[in-house]
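Inside the fold
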Amino acid sequence: MQELLSSYASPDEANLRTWELLLAAMGSSHADAWSKEERAGMMFHVELLQNLVKAVYHIANKTSTRINSREYSLV
């Protein structure tokens, strides 16, 4: 997660890269062999990954804010 956060300034930037990867995969000759269900599954997978990326950035920002304001949890 640290590498993701340090590699991309925002979740939008990271998700754009994921979307570009999906577009390249869908446009390849390999994708011609996929059924419409497999293509839909790939798109759903990318959507889930993008939601995960957003959550990672949200958690990282929330944690950073707590540390900076000296609100510490014992949990």
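Note that the structure is a prediction, hence the values are computed from the model and not measured.

The subject of this paragraph is the overall build of the protein. A tally of helices and strands in the protein yields 3 helices and 0 strands. Across the protein, helices and strands are ordered from the amino to the carboxyl terminus as α-α-α. Each of the 75 residues in the protein was classed as buried or not, and the buried ones make up 16%. Counting contacts in the protein only where the partners sit at least 6 residues apart, residues at least 24 apart contribute 64% of the total.

A few words now on the side chain of Gln-50. On the secondary structure map, Gln-50 appears in helix H3 (residues 36-68). Using a relative accessible area of 17% as the deciding quantity, one classes Gln-50 as buried. Other than its neighbours up to four places away in sequence, Gln-50 contacts Asn-15, Thr-18 and Trp-19.

Okay, the confidence of the model for the protein next. Averaged over the protein, the pLDDT score is 84; the fraction of residues at 70 or greater is 85%. Looking across the protein, the model is least confident in H3, with a mean pLDDT of 86, and most confident in helix H2 (residues 11-27), with 91.

Conventions adopted
- Residues numbered from 1 in each chain as written.
- Predicted model: local features only at pLDDT ≥ 70, side-chain atom pairs only at ≥ 80, totals over all residues.
- Heavy atoms only, no water.
- Helix = DSSP H or I, 4+ residues; strand = E, 2+ residues; numbered from the N terminus.
- Buried < 20%, exposed > 50% of the residue type's maximum accessible area, 1.4 Å probe, protein only.
- Contact = heavy atoms within 4.5 Å.
- pLDDT = per-residue confidence, 0-100.

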